[in-house]
Amino acid sequence: MNIESLKGHGAMLGANAMWGLMSPMAKFVMLGGVVTPLVVTDMRVFGAMILFWIASLFGKREHVAPADLMKLFGASLLAIVFNQGCFIFGVGMTSPVDASIITTSMPLVAMILAALILKEPVTGKKILGIAAGATGALLLILGSSNGAGSARAAGGTYIWGDLLVLLAQCSYALYIVLFKNFVGRYSPVTIMKWMFTYSFLCLLPFSYDDLIATEWEALEWRASLSLVYIVVGSTFLSYILVIVGQKRLRPTVAGMYNYVQPLVASIVAVCWGMDSFNLSKVLSVALIFGGVYLVTSSRSRADMEREAAAAGKTDE
C-alpha cells in the first residue's frame, strides 16, 4: 500500500470517527435544555460557513456562474438544511446509538435513487443488500417504538426521532445523486462555502428567536467544548478529510468506512451511560452492515460497460 492510499484510508477513518462521535456529543449538548436542536444546527452551519470562507482566502479564487449559484442553493437545501436539520432534531428525540446505526443506511438509499435517476443497474446482490438494510432499519425503528422504559418515558418519541434521522439520510442521498456530475466544476472549498452560506441564510429566520433566547452563560464548559467539536470536528474538518479520502480511494472502499460511525458512537454512548445494547440493536447492526457491504461490493454501470467493451474487443 503506497503513501497516497494510506493518506486516503487515514482521512476516511478520521472523518467517520468524528461523525460517529457527533451523535453522543449533540445529545450531551442538548441534555441540559439550554441549547435547542435548531440552535445546534444553526451554530454548526454558521461556524462551518466562517471556517470555509477563511479557508477560501488561502486558495485559488474561483468565479461561480449565476446559474451554478442557483444549483448550489438547491444543493445546500438537500445536503445541509434538510440533512443536518432533520438529523439534529432526530438525535434529540432518539438515542445516539439508534441515530448512528440509521446513518449507515445512506448508501442503500443512494443506490435506490441512483437506479431511478441515473439508471444504474440493479443486480441481485444490490437487491439482497437493500432487503437486508431495510429489514435492519425497520427492526430498529419498530424496536424503539415498542421498547420499554426509556421510549415510553419519552412519550413514544423514539420512533419519530428515528424517522427524522432516516429522512436526513434520504435528503443527503438525493443530493449526491442529483449533483454527482456538478461538484467537479469547482473546488470543494468553493462549493462548501456557498452551500453553507445559503444554508445559514435559510436557517436564520427560523432559529433567530431561539438564538436570542439562548442563555449561553448557563451552558457548562463541557457542553461548550462539545459544541465547538461539533462545529470544527464533525462539520468543517470532516468535510475536508472526506475530500482527501475520495481523491485517493475507490468509492466502494471509502463507503465501507461508514461502519466506523456506529462503532464509535456506541462505544462512547455506552461508556457515558447514555445507552445500552440489546439483541435487537445487535441484529440491526448486522443486517445494515451486511446490506451496505453487498451494495458497495456489487458491480456498477461503469463496470458493466467496461466488461461489455472488453468482450467486444475479444470477439474482434
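To be clear, the structure that these remarks concern was listed above.
Residue numbers here run from 1 along each chain, matching the order of that chain's written sequence. Given that the model is predicted, a residue must reach a pLDDT of at least 70 before its local features are reported, and side-chain atom pairs must reach 80 or more before they are shown or counted; all residues, however, enter totals for whole chains, interfaces and linings. For the side-chain quantities, the full set of heavy atoms in the structure was used; hydrogens and water were omitted.

**Re the overall build of the chain**
Item 1. A tally of helices and strands in the chain yields 14 helices and zero strands.
Item 2. A run of DSSP states H or I qualifies as a helix once it reaches four residues; a run of E qualifies as a strand once it reaches two. Both are numbered from the N-terminal end. Along the chain, from the amino end to the carboxyl end, the secondary structure elements read α-α-α-α-α-α-α-α-α-α-α-α-α-α.
Item 3. Every one of the 316 residues in the chain was classed for burial, and the buried ones make up 47%.
Item 4. The contact criterion used is simple: two residues touch if any of their non-hydrogen atoms lie within 4.5 Å. A sequence separation of at least 24 residues applies to 89% of the contacts in the chain between residues at least 6 apart.
Item 5. We get accessible surface area from the Shrake-Rupley algorithm with a probe of 1.4 Å; when it comes to residues, only the shown protein chains can shield them. As displayed, the chain offers around 15,400 Å² of accessible surface, 69% of which is attributable to carbon and sulfur atoms. Type-normalised accessible area, obtained with a 1.4 Å probe on protein chains alone, sets the label of each residue: buried when under 20%, exposed when over 50%, and partly exposed for intermediate values.

**Description of the packing of aromatic side chains**
Item 1. Between rings of Phe, Tyr and Trp, where Trp is taken as its six-membered ring, a pair exists when centres lie within 6.5 Å; planes separated by under 30 degrees are stacked, by over 60 edge-to-face, and by other angles tilted. If you walk through the whole model with that rule in mind, you get eight aromatic pairs.
Item 2. Here the aromatic rings of Phe52 and Phe236 are separated by 4.9 Å at their centres, their planes lie at 65 degrees, and the arrangement is edge-to-face. A residue pair is termed long-range when its members are at least 10 positions apart, and Phe52 in helix H2 (residues 37-56) and Phe236 in helix H10 (residues 221-248) qualify at 184 residues.
Item 3. Phe52 sits in the buried class, given a relative accessible area of 0%.
Item 4. Judged by its relative accessible area of 14%, Phe236 is buried.

**Things to note about the pattern of salt bridges**
Item 1. Salt bridge, as used here, is a side-chain nitrogen of Lys or Arg placed within 4 Å of a carboxyl oxygen of Asp or Glu. Enumeration over the complete set of coordinates arrives at two salt bridges.
Item 2. Of the charged contacts, one joins Arg185 and Asp68 as a salt bridge, the two residues approaching to 2.8 Å between their closest N and O atoms. Within this pair, whereas Arg185 is found in the loop between helix H8 (158-178) and helix H9 (188-213), its partner Asp68 is found in helix H3 (residues 66-93), the two being separated by 117 residues in sequence.
Item 3. For Arg185, a relative accessible area of 46% puts it in the partly exposed group.

**Notes on the packing of helix H1 (residues 3-31) against H2**
Item 1. Between H1 and H2, the shortest axis-to-axis distance is 10 Å and the interhelical angle comes to 130 degrees. Here H1 lies oblique to H2, going by the angle between them. Where H1 crosses over H2, the handedness of that crossing is right-handed. The segment H1 lies against H2, with Trp19, Met22, Val29 and Met30 engaging Pro37, Val40 and Arg44.
Item 2. Classification used: nonpolar for Ala, Val, Leu, Ile, Met, Phe, Trp, Tyr, Cys and Pro, charged for Asp, Glu, Lys and Arg, polar for all others including Gly. A class-by-class count of the residues in the contact of H1 with H2 yields six nonpolar, no polar and one charged. Geometry is summarised by axes, namely lines fitted to C-alpha atoms with helices restricted to the contacting stretch, and by angles between N-to-C directions that run from 0 to 180 degrees. For classification purposes, an angle smaller than 35 degrees is called roughly parallel, one larger than 145 roughly antiparallel, one from 65 to 115 roughly perpendicular, and anything else oblique. If you view the pair so one helix is near and one far, a crossing is left-handed when the near helix is turned anticlockwise from the far one by less than a right angle, and right-handed when it is turned clockwise.

**Some thoughts on the environment of Val228**
Item 1. The topology assignment puts Val228 in helix H10.
Item 2. Looking at Val228, the relative accessible area reads 48%, which means it is partly exposed.
Item 3. Between the C-alpha atom of Val228 and that of Gly47, which follows or precedes it by 181 residues, the distance is 8.8 Å.

**Quick notes on the side chain of Lys193**
Item 1. The residue Lys193 is located in helix H9 in this model.
Item 2. Sequence-distant contacts of Lys193, defined by excluding residues within four places in its chain, comprise Phe52, Trp53 and Ser56.

**Digging into H1**
Item 1. If you check H1, its first and last C-alpha atoms are 42 Å apart, about what 29 residues at 1.5 Å a residue would give, namely 42 Å.
Item 2. Residue Met22 marks the point of greatest curvature in H1, where the axis turns by about 30 degrees; the proline Pro24 follows within four residues. Multiplying 1.5 Å by the residue count of a helix minus one yields the expected span of that helix. In this analysis the local bend is the angle between axes fitted, respectively, to the seven residues ending at and the seven residues starting at the residue.

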